[in-house]
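# Structural description and commentary
Each chain, letter by letter, is given below.
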Amino acid sequence: MIRKANKEDIQRIIELLHQVNMVHHVIRPDLFKPHTTKYNEQELETMLGDAGKPIFVYDDGTVLGYAFCQVSEVKNSQLLEDTKTLYIDDICVDEKARGTHVGTALYKYVRDYAQSIGCHNITLNVWEGNVPALQFYKSMGMTVQKTTMETIM
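Right, let's walk through the structure included here. Because the structure is predicted, anything quoted here is derived from the model rather than measured.

What counts and how
- Residues numbered from 1 in each chain as written.
- Predicted model: local features only at pLDDT ≥ 70, side-chain atom pairs only at ≥ 80, totals over all residues.
- Heavy atoms only, no water.
- Core = buried A, V, L, I, M, F, W, Y, C linked by side-chain atoms within 4.5 Å.
- Buried < 20%, exposed > 50% of the residue type's maximum accessible area, 1.4 Å probe, protein only.
- Helix = DSSP H or I, 4+ residues; strand = E, 2+ residues; numbered from the N terminus.
- Contact = heavy atoms within 4.5 Å.
- Phe/Tyr/Trp six-rings, centres within 6.5 Å; stacked < 30°, edge-to-face > 60°.

### Focus on the nonpolar core
Within the largest apolar cluster, 24 residues are counted, with the highest numbers of intra-cluster contacts made by Leu86, Ile88, Val102, Leu106, Val110 and Ile122. Mapped onto this core, the elements with two or more residues apiece are strand E2 (55-59), strand E3 (63-74), strand E4 (83-93), helix H3 (102-116), strand E5 (121-124) and helix H4 (131-139). With 6 residues, the single largest contributor to this core is H3. When neighbours within four sequence positions are excluded, Ile88 is seen to be in contact with Phe68, Tyr107, Val110, Ile122, Thr123 and Leu124. Among the nonpolar cores identified, the runner-up in size contains 16 residues, and Ile13, Ile14, Tyr39 and Val57 belong to it.

### Description of the packing of aromatic side chains
Within this structure, the stated rule accounts for 6 aromatic pairs. Residues Tyr66 and Phe68 carry aromatic rings whose centres are separated by 4.7 Å and whose planes lie at 90 degrees to one another, so their mutual orientation is edge-to-face. What makes Tyr66 buried here is its relative accessible area of 0%. Note on Phe68: relative accessible area 1%, which makes it buried. Joined through ring pairs, the aromatic side chains of Tyr39, Tyr66 and Phe68 make up one cluster.

### Examining unusual backbone geometry
Glycine aside, negative phi is the norm for most residues, and most peptide bonds take the trans geometry. At His35, a position not held by glycine, the phi torsion is positive, near 55 degrees. Inspection of the secondary structure assignment puts His35 in the loop between helix H1 (10-27) and helix H2 (41-48). Judged by its relative accessible area of 62%, His35 is exposed. Located in the positive-phi region is His101, a residue other than glycine, with phi close to 75 degrees. Within the fold, His101 resides in the loop between E4 and H3.

What follows is the structure in structure tokens.
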């Protein structure tokens with residue numbers, strides 16, 4: 001079952017955040033510190049009350065995955081068309097549950113949610129080197145919108 005996260009999920013979300021961070025640390029140890037998380041418990045509790053930043057969890061008795069979302073809108077821009085976008089800030093499936101379609105279920109739920117609130121598109125970022133994530137998002141029908149480049153000094 002997929003549902004909005006609540007305070008009782010925070011500890012499990014922290015555990016999953018550690019898993020995501022370690023994936024990123026292995027790919028880019030020059031940027032990501034090991035053994036930490038993107039958000040702490042207080043930040044998560046605040047986010048749970050923010051309707052513009054819904055967090056969804058896949059729960060089959062244990063939370064096996066999550067999707068952190070952010071809804072943003074462009075209105076009356078001189079350059080850009082008016083749009084509403086759902087950005088997937090972070091998505092994770094427990095490493096022990098990967099390959100069991102938890103990610104597919106989460107993504108489809110988020111896609112349906114975005115459609116239900118009138119979003120034009122869904123966006124997210126994938127780190128270069130995270131081949132499984134890139135392949136997964138392509139299999140969900142996502143395409144490249146833009147590319148971020150860097151020069152390391």
